[in-house]
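In case you want the letters, here they are:
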Amino acid sequence: MPRSFVILFAFMGLLIGLAAFMPARVAFDLLARPAGVQAELVHGPVWDARLFGVTVSGQRIEQVDARLSATRLLTGRAVVELAARDRDLRLDGVLVLRPGFIEAHSVRGAISLQRLPGAQNLPSASGESLILDIDRIGFELRDGCVQADGVLRSAALLPVGLRYEVELPVLEGALYCAGARLGVDVTGASDAAELTGQALLGRSRFEWRAGVERAQPGLAPVLIALGFADNGGSWSAQGEGTY
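A quick note: this is a predicted structure, and the numbers were derived from the prediction, not measured.

**Describing the overall build of the protein chain**
Okay, so step 1: Across its full length, the protein chain holds four helices and 14 strands.
Okay, so step 2: Relative to its full complement of 243 residues, the protein chain shows a buried share of 35%.
Okay, so step 3: For the protein chain, restricting intrachain contacts to residue pairs at least 6 apart in sequence, the fraction spanning at least 24 positions comes to 34%.
Okay, so step 4: Working note: accessible area of the protein chain is about 13900 Å², and carbon and sulfur atoms make up 58% of it.

Spelled out as structure tokens, the structure:
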């Protein structure tokens, strides 16, 4: 084998070894902290790290287990398998970081609706969850959302319907890129009503709107309780805010 290849393989092995045994705290400070992620405690090596008291975009997560692939670093990417756990959050997925780009894929789990921007005061949010089944979401630092494929589901309206003795629909949202923003098209139908909606999430702001058609007679008190306004036969609601 040519001497140059021996030197190259030895150098690659050294890089992999250094990365594999790098303290997770060092990797966290290099990769996560510049992106605005905070942690009270980071323990272990990068290939088997445990983070406690993690804060992302104002959301605190009790524990995150992270496994960094040392060999992938040689391709210029940081690939991290993540498992986030809290009393009202459970998420598993893979995070890919490279200069100017961040991607999450194979994200599965559930999160309390009360954690979502703008949902804290909704009557349907208390004690209910959003189920995530996300194949891929990618963002570029310059262009924003560049790829989004996945489905969100929630049965948050069902308890409200039971309270008023009407059958409200289960909601399902499809992810897509709306220009630079992440978009979610929401649909849901039952014998009582048919609901459609859209949410747009940007870097620091969000907005949403929803409408109800084919509402069952007597459904007005339920829709008013959910924040909808009567438009003479149809019902609508909307909102916006910052993260």
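Still more to cover.
**Details of the pattern of salt bridges**
Two side chains with opposite charge may pair up if their charged atoms get near one another.
Okay, so step 1: In the structure shown here, the tally under the stated rule is 15 salt bridges.
Okay, so step 2: The closest approach of N and O atoms between Arg108 and Asp133, which form a salt bridge, is 2.9 Å. Residue Arg108 is located in strand 6 (residues 101–112), and its partner Asp133 is located in strand 7 (residues 129–140); the two are separated by 25 residues in the primary sequence.
Okay, so step 3: Judged by relative accessible area, Arg108 falls into the partly exposed class, the value being 34%.
Okay, so step 4: Notably, a salt bridge pairs Glu207 with Arg181, separated by 3.0 Å at the nearest N-O pair. Within this pair, whereas Glu207 is found in strand 12 (residues 205–213), its partner Arg181 is found in strand 10 (residues 181–189), the two being separated by 26 residues in sequence.
Okay, so step 5: Overlapping salt bridges bring together Glu40, Arg60 and Glu62 as one network.

**A word on unusual backbone geometry**
Okay, so step 1: Even without glycine at this site, Ser106 takes up a positive phi of about 55°.
Okay, so step 2: Examined against the element boundaries, Ser106 turns out to sit in strand 6.
Okay, so step 3: Overall, Ser106 belongs to the partly exposed group, its relative accessible area being 38%.
Okay, so step 4: Positive phi, close to 60°, is recorded for Glu165, a residue that is not glycine.
Okay, so step 5: Looking at the element boundaries, Glu165 is found in the loop between helix 3 (157–164) and strand 9 (171–178).

**Section: the pairing of strand 11 (residues 194–201)**
Strand residues, when the strand is regular, have side chains that alternate between the two faces of the sheet.
Okay, so step 1: Alignment of strand 10 against strand 11, held across eight bridges, turns out to be antiparallel. Residue pairing across strands places Leu182 opposite Leu201, the latter belonging to strand 11.
Okay, so step 2: Linking strand 11 to strand 12, which pair antiparallel, is a turn of three residues.

**Things to note about the environment of Val54**
Okay, so step 1: Assignment of secondary structure puts Val54 in strand 2 (residues 49–56).
Okay, so step 2: For Val54, a relative accessible area of 5% translates into the label buried.
Okay, so step 3: C-alpha of Val54 to C-alpha of Ala84: the two residues are 30 residues apart in sequence and 9.5 Å apart in space.
Okay, so step 4: Discounting residues that sit within four places of it in the chain, Val54 has contacts with Val37, Gln38, Ala39, Gln59, Arg60, Ile61 and Val64.

**As for the confidence of the model for the protein chain**
Okay, so step 1: The predicted model of the protein chain has a mean per-residue pLDDT of 82, with 83% of residues at 70 or higher.
Okay, so step 2: Ranking the elements of the protein chain by mean pLDDT puts helix 1 (residues 3–20) last with 40 and strand 9 first with 97.
Okay, so step 3: Taken together, the stretch residues 1–18 has pLDDT below 50 and engages in seven contacts with residues farther than four places along the chain or on a different chain.

**Points about the nonpolar core**
Okay, so step 1: Phe28, Leu51, Leu132, Ile134, Leu152 and Leu175 are the most contacted members of the largest nonpolar core, which has 34 residues in total.
Okay, so step 2: With sequence-adjacent residues up to four places away left out, Leu175 is seen in contact with Ile134, Ile137, Ala148, Asp149, Gly150, Leu152, Gly183 and Val184.

**Quick notes on the state of the cysteines**
Okay, so step 1: If you walk through the whole model with that rule in mind, you get one disulfide.
Okay, so step 2: The residue that forms a disulfide with Cys145 is Cys177, at a sulfur-sulfur distance of 2.0 Å. Negative torsions about the S-S bond denote left-handed disulfides, and the value of about -65° found for Cys145 with Cys177 makes this one left-handed. Placement of Cys145 in strand 8 (residues 144–154) and of Cys177 in strand 9 is noted, with a sequence separation of 32 residues between them.
Okay, so step 3: Given the relative accessible area of 5%, Cys145 is considered buried.
Okay, so step 4: Among the residues examined, Cys177 registers a relative accessible area of 27% and is labelled partly exposed.

**Here's the deal with the pairing of strand 7**
Okay, so step 1: Relative to strand 7, strand 6 runs antiparallel, the two being bridged by 11 bridges. Within the sheet, the bridge partner assigned to Arg108 lies in strand 7 and is Asp133.
Okay, so step 2: In textbook terms, the turn of a hairpin is the stretch between consecutive antiparallel strands, and for strand 7 and strand 8 this stretch comprises three residues.

Parameters at a glance
Residues numbered from 1 in each chain as written. Predicted model: local features only at pLDDT ≥ 70, side-chain atom pairs only at ≥ 80, totals over all residues. Heavy atoms only, no water. Helix = DSSP H or I, 4+ residues; strand = E, 2+ residues; numbered from the N terminus. Buried < 20%, exposed > 50% of the residue type's maximum accessible area, 1.4 Å probe, protein only. Contact = heavy atoms within 4.5 Å. Areas by Shrake-Rupley, 256 points an atom, 1.4 Å probe, with all protein chains shown as cover. Salt bridge = Lys/Arg side-chain N within 4 Å of Asp/Glu carboxyl O. Pairing = 2+ DSSP bridges. pLDDT = per-residue confidence, 0-100. Core = buried A, V, L, I, M, F, W, Y, C linked by side-chain atoms within 4.5 Å. Disulfide = S-S within 2.5 Å.

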